[in-house]
Amino acid sequence: MTQNTPSTLRPNSSQTSSQTSSQTSSQTYDVEQVVLERYQAGADQVQPSLCCPTEYDNTYLKLIPQEILEKDYGCGDPSRYVQAGETVLDLGSGAGKICYILSQKVGANGSVIGVDFNDKMLALARKYQDEMSEKIGYQNLSFVKGKIQDLALDMQQVQHWLSEHPIHNLEDLSDFEQACDRLRRETPLIADNSIDVVVSNCVLNLVRPRDKQQLFQEIFRVLKPGGRAVISDIVSDQFPTETILNDPDLWSGCIAGAFQEAEFPKKFEQVGFRDVNVLSRQEEPWQVVDGIEFRSLTVRAYKGTVKATPGPSAVRSQSSQPSSTPKQSCCS
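Residues numbered from 1 in each chain as written. Predicted model: local features only at pLDDT ≥ 70, side-chain atom pairs only at ≥ 80, totals over all residues. Heavy atoms only, no water.

Draft legend 1. Spatial organisation of the overall build of the protein chain. Across its full length, the protein chain holds 13 helices and nine strands. Carbon together with sulfur atoms contributes 47% to the accessible area of the protein chain, which is approximately 14,000 Å² in total. (Helix = DSSP H or I, 4+ residues; strand = E, 2+ residues; numbered from the N terminus. Areas by Shrake-Rupley, 256 points an atom, 1.4 Å probe, with all protein chains shown as cover.)

Written as structure tokens, this is what we have:
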């Protein structure tokens, strides 16, 4: 999203939890703005403080350009739970490392979509698409501009509309809101029931508190029945303190917006997910701030029950088994 995009892009959300209300009332800064600026800087220059040590399979990393590896930030590897032939959506795709791993894993019969609202990160990710398609022998990857809590709205189309219809008064604003609703309805960025797997790597925590319920609803909406979400994110053993919440650097650094560990799986269940399981949990905390432990957690949740007889796209290949390769930093 560009800095001058109206905040009315957010669709209506249901009531938030008391934790969300507390987070919102405690903040004295614009969450989206500080996150955008932090990761714009991360696209220009490596930000080591945004990295949480993570294991990745060198089989896939060795084909990815070094700039992508250095400037992509995360806390887990949801790509290891994706299978050949699937359609995968990466929320907050950043520099594109997870997408480029997924592109290799799903193969020519699968497809990968990376969504981000940071123009600099999108430009960096797209920079190597032709090179990567030549290396692997096919093109199955696209990077699109959108907000992960509003996956129906194509931000590229929004920018085009605004360029032709500047907002000067309340009547213009009403026209804009109607245009956004029409775009969501007629040309959704990500359609209902269209994705086999939604993945994300340390991004959900960066979303504004009042948008997080909508975020989980959107993940559920875009998944096919029987589809699954595999999300790596930062969780805490206690709710953040006022000091943490009032520090914009801690929000953009994946601390202040972290989910409370016991509550994180419930966020999926509240919007209809079933069979919610913790796939991996970082034993030692990544950081300890104000006595609160913050660590990486990877969760898998299904839209509907797990199918008894997997279809062809759900057959696990040898290459999709969790890697036993040595630990690699998330930004190397």
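Draft legend 2. Broad picture of the packing of aromatic side chains. Using the criterion set out here, one finds nine aromatic pairs in the structure. Aromatic side chains Phe264 and Phe268 sit 5.4 Å apart centroid to centroid with 65° between the ring planes, which places their arrangement in the edge-to-face category. In this pair, Phe264 and Phe268 both sit in helix α13 (residues 264-270), four residues apart, roughly one turn of the helix. Judged by relative accessible area, Phe264 falls into the buried class, the value being 0%. The class for Phe268 is buried, based on a relative accessible area of 0%. An aromatic cluster is present here, built from Phe216, Phe220, Phe259, Phe264, Phe268 and Phe273 joined pairwise through their rings. Its guanidinium or amino end placed over the ring of Phe259, Lys212 lies 4.7 Å from that ring's centre, counting from NZ or CZ. The ring of Phe220 carries Lys303 above its face, with NZ or CZ at 4.9 Å from the centroid. (Phe/Tyr/Trp six-rings, centres within 6.5 Å; stacked < 30°, edge-to-face > 60°. Buried < 20%, exposed > 50% of the residue type's maximum accessible area, 1.4 Å probe, protein only. Lys NZ or Arg CZ within 6 Å of the ring centre and 35° of its normal.)

Draft legend 3. Spotlight on the environment of Gln129. With respect to the helices and strands, the residue Gln129 is situated in helix α7 (residues 129-136). Residues within four places of Gln129 in sequence aside, it is in contact with Tyr100, Gln139, Leu141, Ser142 and Phe143. Within the structure, Gln129 has its side chain in polar contact with the backbone oxygen of Leu141 (distance 2.9 Å). (Contact = heavy atoms within 4.5 Å. Polar contact = N/O pair within 3.5 Å; in protein donor to acceptor, adjacent residues only side chain to side chain.)

Draft legend 4. Main features of unusual backbone geometry. Even without a glycine there, the phi angle at Asn193 is positive, about 50°. With respect to the secondary-structure elements, Asn193 resides in the loop between α9 (170-186) and β4 (195-201). Phi is positive for Asp275, close to 50°, though the residue is something other than glycine. Mapped onto the fold, Asp275 is located in strand β7 (residues 274-281). For Asp275, a relative accessible area of 36% gives the class partly exposed.

Draft legend 5. Summary view of the pattern of salt bridges. Applying the stated criterion across every chain yields a total of 16 salt bridges. Glu67 is paired through a salt bridge with Lys71; the nearest N and O atoms lie 3.2 Å apart. One network of salt bridges, with partners in common, ties together Glu67, Lys71 and Lys127. (Salt bridge = Lys/Arg side-chain N within 4 Å of Asp/Glu carboxyl O.)

Draft legend 6. Focus on the nonpolar core. Among the nonpolar cores identified, the biggest contains 31 residues, and Leu89, Leu91, Leu204, Ile219, Phe264, Phe268 and Phe273 are the most heavily contacted of them. Grouped together as the second largest cluster of nonpolar side chains are 29 residues, Val82, Val88, Ile98 and Leu122 included. (Core = buried A, V, L, I, M, F, W, Y, C linked by side-chain atoms within 4.5 Å.)

Draft legend 7. Broad picture of the pairing of β4. The buried fraction of β4 is high, at seven of seven residues. Inspection of the sheet shows strand β1 (residues 87-91) paired to β4 by four bridges, in the parallel sense. Looking at β4, one finds that Asp90 is bridged to Val199. Here β4 runs beside strand β5 (residues 223-236); their pairing, made up of six bridges, is parallel. (Pairing = 2+ DSSP bridges.)

Draft legend 8. Layout of the environment of Gly76. Within the element layout of this structure, Gly76 appears in the loop between α4 (66-70) and β1. Expressed as a C-alpha distance, the spacing of Gly76 and Thr54, which sit 22 residues apart in the sequence, is 5.5 Å. If sequence neighbours within four positions are ignored, Gly76 has contacts with Thr54, Tyr56, Asn201, Ser232 and Ser296.

Draft legend 9. A look at the side chain of Asp57. Turning to its location among the elements, Asp57 is positioned in the loop between α2 (31-44) and α3 (58-61). Within the local environment of Asp57, its side chain forms a polar contact with the backbone nitrogen of Thr59, the two atoms lying 2.9 Å apart.

Draft legend 10. Looking closely at the packing of helix α5 (residues 97-106) against α7. Close contact between α5 and α7 brings their axes to 11 Å; oriented N to C, the two are set at 25°. Our classification of the angle between α5 and α7 gives roughly parallel. For the crossing formed where α5 meets α7, the hand is right-handed. In this structure, α5 uses Tyr100, Ser103 and Gln104 to contact α7, whose residues at the interface are Gln129, Met132 and Ile136. (Axes fitted to C-alpha atoms, helices over the stretch in contact; angles between N-to-C directions. Parallel < 35°, antiparallel > 145°, perpendicular 65-115°, else oblique. Left-handed = near helix turned anticlockwise from the far one by under 90°.)

Draft legend 11. Fine view of α9. Helix length check: α9 (17 residues) gives 24 Å between terminal C-alpha atoms against 24 Å at 1.5 Å per residue, within 8%. The elements touched by buried residues of α9 are α8 (155-164). (Expected span 1.5 Å × (residues − 1).)

Draft legend 12. A look at the environment of Asp90. Along the chain, the position of Asp90 falls in strand β1. What makes Asp90 buried here is its relative accessible area of 2%. For Asp90, the residues in contact, after removing those within four places along its chain, are Ile98, Cys99, Ile113, Gly114, Val115, Val199 and Ser200.

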